[in-house]
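Survey of secondary and tertiary structure
Each chain is listed here by its residues.
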Amino acid sequence: MRNYCLFEMAYILNIETSTEVCSVALTHDGEVLDHHENYDGKTHATLLSAYIQDELKYVRTREIKLDAVAVSIGPGSYTGLRIGLSEAKGLAFGLGVPLIGVNTLKLLTTSAMFKEFFDDDELFVPMIDARRMEVYTAVYNSALDDIVPPQPKIIDANSFADLLDKHKLVFFGNGSDKVAEVIKRPNAIFMPGVKPVALDMMVLSEMAFRKKEFIDVAYSTPLYLKEFQATKPKHKVL
């Protein structure tokens, strides 16, 4: 189990559905108590409810009282975000507990930080695929401060050139593979295999709980960053 030193003792059910990964994790006081995840893609609608029910059974059998529900609010897959937030809202409302929204790009960055040791002057560039050469991205320092705020960005050979002249940039996430083929600079570091998963939400969700940074159970919406565009069918339906 992953263990981190935090101060607030809260039982939080974390939900992550922003990409192809579907995952949930029950955390408490810096420890992951139980978690479920699937990497097959497009399984959120069928697996998420079952995972949540498993966690609720875990909670009941151990006489645990949940203190909050946390959900990754995007950016990411429109469908995945809607499914995750809908489940999280219903659960938080039904249990009468607060709802925490976790930025997916910050989640990816903490996941990258857990995997390797980095120098303080390196900057982190999480990337979520948004079709063709576009990604959802941001740039953070080691304190998760915004150097470049979250935004959709079309990538070319000159992307992030000013920052790459002065800093090493660590690129990761499911949008970074295609970027590696375009950005070829000495200060560009590409880190494979970093995916947003619920168990890595723990540091961010417990920090938000400690600061009482909650989102509205009724009216909160996913962080899409751009409007949804439905794809047209390739063949006419007769």
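Within each chain, residue numbers correspond to sequence positions counted from 1 in written order. Reporting of local features is limited, given that this is a predicted model, to residues whose pLDDT is at least 70; pairs of side-chain atoms are given and counted only at 80 or more, and all residues count toward the totals for whole chains, interfaces and linings. Processing note: side-chain calculations cover all non-hydrogen atoms of the structure and skip hydrogens and water entirely.

Right, let's get into the confidence of the model for the protein. The predicted coordinates ought not to be read in detail in places where the model reports low pLDDT. The pLDDT score gives, residue by residue, the confidence of the prediction method on a 0 to 100 scale. Averaged over all residues, the pLDDT of the protein is 91; the fraction at 70 or higher stands at 92%. Here residues 1-7 is modelled with pLDDT under 50, and outside its nearest four sequence neighbours on either side it reaches 24 contacts, counting other chains as well. Note on contacts: a residue pair is in contact if any heavy atoms of the two residues lie within 4.5 Å. Per-residue pLDDT stays below 50 along residues 230-238; that stretch engages in one contact with residues further than four places along the chain or on separate chains.

Time to look at the layout of surface pockets. Over the atoms a probe the size of a water molecule is rolled, and this reveals where empty space is left. Only protein atoms enter the 1 Å grid used here. Points where a 1.4 Å probe fits but cannot escape make up a cavity, open sets with protein on both sides within 12 Å along at least five of seven lines make up a pocket, and a residue lines them when an atom lies within 4 Å of a point. Grid points are joined across faces, edges and corners, and a volume is the space filled by probe spheres set on the points. Put simply, the second largest pocket is a space of about 300 Å³. If you go around the second largest pocket, you meet 14 residues; those closest to its centre are Lys-106, Leu-204, Met-207, Ala-208 and Glu-213. Secondary structure is summarised from DSSP: a helix means a run of H or I of at least four residues, a strand means a run of E of at least two, and numbering begins at the N terminus for each. Secondary structure elements with two or more residues in the lining of the second largest pocket: β5 (99-103) and α6 (202-211). No other element matches the five residues that α6 contributes to the lining of the second largest pocket. Charged residues are taken to be Asp, Glu, Lys and Arg, nonpolar residues to be Ala, Val, Leu, Ile, Met, Phe, Trp, Tyr, Cys and Pro, and polar residues to be all remaining types, Gly included. When the residues that make up the lining of the second largest pocket are grouped by side-chain class, the tally is eight nonpolar, three polar and three charged.

Now for the nonpolar core. As a rule of thumb, soluble globular proteins bury nonpolar side chains together. Here, nonpolar core means buried Ala, Val, Leu, Ile, Met, Phe, Trp, Tyr and Cys residues that are tied together by side-chain atoms lying within 4.5 Å of each other. Buried residues are those whose accessible area, probed at 1.4 Å on protein chains only, stays under 20% of the maximum for their type, while exposed residues exceed 50% and partly exposed ones sit between those limits. Residues Ile-12, Ile-100, Phe-172 and Met-191 are the most contacted members of the largest nonpolar core, which totals 34 residues. Listed by contribution, the elements that provide at least two residues to this core are β4 (68-74), β5, α3 (104-115), β6 (123-129), β7 (134-140), β9 (169-172) and α6. For Phe-172, the residues in contact, after removing those within four places along its chain, are Leu-108, Thr-109, Ala-112, Phe-124, Val-125, Pro-126, Met-127, Met-191 and Val-194. Within the second largest apolar cluster, 23 residues are counted, among which are Ile-15, Leu-26, Leu-33 and Ile-52.

Below, the discussion takes up unusual backbone geometry. Residue Pro-75 follows Gly-74 across a cis peptide bond; omega there is 5 degrees. Within the secondary structure, Pro-75 is located in the loop between β4 and α2 (78-95). You will see that Glu-63, though not glycine, has its phi angle at about 55 degrees, which is positive. Within the fold, Glu-63 resides in the loop between α1 (44-61) and β4. One non-glycine residue, Leu-144, lies in positive phi territory at about 65 degrees. Along the chain, Leu-144 turns up in the loop between β7 and β8 (146-154).

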